[in-house]
Amino acid sequence: WGGNPDRMSTTLNSNFNAIPLCSLPPPPHGIIVISSEASVTGAALTLAAKRILSAPVQVSSAPPDARWPEKFLGMVDMVRLVHFVVSQTEKANASPEAFDKIILELDVCNKTPITELIQQSRFGPLLPLESKQHTVLDAILVMGKYNIHRIPIVDSITGEMVNFLTQSALVRTVWETCSGEAIFQQSISSLGIGCTPVKTVTTSDHIISAFGVLLDEWITAVGVTDVNGKLVGVLSASDVFHLILHAPLFLKACQQFPVQEFLAWKNDQEPEDIPVKSLITCSSDDTLGHVVSLLCNHKVHRVFVVDENNHPKGVVSLGDVLSALVVEPPDYFGNFFALNSKEFRS
């Protein structure tokens, strides 16, 4: 759990447990769901239009009074969809154009149901929390312990999804609520976080191969290193939208397009076009508060820990921050999954 529990009082647990999930605001783009009848094409174009990385898949045939386990199948992942489209472009020897044009022309994308691509997701299983029964403490424990990036919030009576909580939104809530707490003055090294090994690609790797690492490793970003092993950039799942929204980039991605050229293009973009998520670093001696402020102010999902030569030593993710903040109550997850198992069986 990211440190010695003796360093923590029960204050944060109590504070977070007093905040019901129904009090949290919904996502700014609303709650986006994908129909189980959608094709790969339909799902990809919906996510691209909303600029979101994943969304729950809803069973189109479920009756209105169905409970949530009967209404939702899982999550669809935008990086997986783009990787699938590029692979099919290569197999069909199609001439790559803009993403929206090629996906409409590829017969396999139009005929493949989205349900075939939701069996595995880098963002974790579809594990909902109940809007009135569960609290912010529950969300922190689940997202921190299992590094689940997105949690649907459901009304167990109506079976409706009433919110869709992300790790980034939860960390912002935590920071706004308790940034003055003593734990934020401790160094990340003393809390035992920032030690997670960094998965990296090199500047010469093919961009699609680099995105493939995200899928293979079930992660949302990789560091980019140069020939000397120095950290020079980051490739995250959200970068996939550059390929989707800029036709020349998608054309290059379907060919031999190195990561270095992609990063150079991204760094040249104006903020009004697509906000560029810069490489954000820290040292192991920095405080947790400093790292959280970096996460929130730069709107990134991880901060890389580097040495004096800018070699990557570790990474602090949103999940790492959440796991460091609270103490797991005795038998918490045994009771939690027992109750959720009962909900599924009912």
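Here the structure is a predicted model, which is why all the values come from computation and not from measurement.

A. Examining the nonpolar core more closely. Ranked by internal contacts, the top residues of the largest apolar core, which has 51 residues, are Ile34, Val76, Met78, Leu81, Ile114 and Ile207. In terms of residue count, the dominant contributor to this core is helix H4 (residues 78–91) (7 residues). Here Leu81 is in contact with Val40, Ala43, Ala44, Leu47, Val76, Ile114 and Leu117, once residues within four sequence places are set aside. Counting residues in hydrophobic clusters, the runner-up holds 48 residues, among them Phe16, Leu127, Val174 and Val321.

B. Quick peek at the pattern of salt bridges. Inspection of the entire model under this criterion finds 5 salt bridges. Residue Asp107 is joined to Lys111 by a salt bridge in which the shortest nitrogen-to-oxygen separation is 3.1 Å. On the criterion of helical spacing, the pair formed by Asp107 and Lys111 is a turn pair, its members being 4 residues apart in helix H6 (residues 107–111). A relative accessible area of 43% places Asp107 in the partly exposed class.

C. How the structure looks around the packing of aromatic side chains. Within the structure shown, the criterion is met by 4 aromatic pairs. With 5.5 Å between their ring centres and 85 degrees between their planes, Phe99 and Phe250 make a pair best called edge-to-face. Separated by 151 residues along the polypeptide, Phe99 in helix H5 (residues 99–105) and Phe250 in helix H12 (residues 247–253) bring together distant segments of the chain. Comparing Phe99 with Phe250 shows no difference in burial state: the two are buried. Between Phe262 and Trp265 the ring centres are 6.5 Å apart and the planes differ by 25 degrees, which places this aromatic pair in the stacked class. Taken together, the residues span about one helical turn, with Phe262 and Trp265 both in helix H13 (residues 259–267) at a distance of 3 residues. The rings of Phe257, Phe262 and Trp265 are connected pair by pair, giving a single aromatic cluster.

D. Structural context of helix H14 (residues 288–298). With 8 of 11 residues buried, H14 lies mostly within the body of the structure. The inward-facing, buried residues of H14 contact helix H8 (167–178), helix H9 (188–191), strand S10 (281–282), strand S11 (302–306), strand S12 (312–317) and helix H15 (318–325). Lys299 sits one or two residues past H14 and shows a positive phi near 55 degrees.

E. Inspection of the sheet that holds strand S3 (residues 72–77) at higher detail. In spatial order, the strands read S1-S2-S3; together these 3 strands make up an open sheet with mixed pairing. The strands lining the two open edges of the sheet, one partner per strand, are strand S1 (34–35) and S3. Bridge analysis of strand S2 (residues 54–58) against S3 gives 5 bridges, and the strand direction is antiparallel. When the sheet's bridge partners are listed, Pro56 is paired in S3 with Met75.

F. Broad picture of the packing of H8 against H15. Between H8 and H15, the least distance of the axes is 10 Å, while the angle of their chain directions is 45 degrees. It follows that H8 is oblique to H15 by the angle criterion. In the packing of H8 onto H15, the handedness of the crossing is left-handed. Across from Gln167, Ser168, Leu170, Val171 and Val174 in H8, the residues of H15 making contact are Leu318, Gly319, Leu322 and Leu325.

Definitions and cut-offs
- Residues numbered from 1 in each chain as written.
- Predicted model: local features only at pLDDT ≥ 70, side-chain atom pairs only at ≥ 80, totals over all residues.
- Heavy atoms only, no water.
- Core = buried A, V, L, I, M, F, W, Y, C linked by side-chain atoms within 4.5 Å.
- Buried < 20%, exposed > 50% of the residue type's maximum accessible area, 1.4 Å probe, protein only.
- Helix = DSSP H or I, 4+ residues; strand = E, 2+ residues; numbered from the N terminus.
- Contact = heavy atoms within 4.5 Å.
- Salt bridge = Lys/Arg side-chain N within 4 Å of Asp/Glu carboxyl O.
- Phe/Tyr/Trp six-rings, centres within 6.5 Å; stacked < 30°, edge-to-face > 60°.
- Pairing = 2+ DSSP bridges.
- Axes fitted to C-alpha atoms, helices over the stretch in contact; angles between N-to-C directions.
- Parallel < 35°, antiparallel > 145°, perpendicular 65-115°, else oblique.
- Left-handed = near helix turned anticlockwise from the far one by under 90°.

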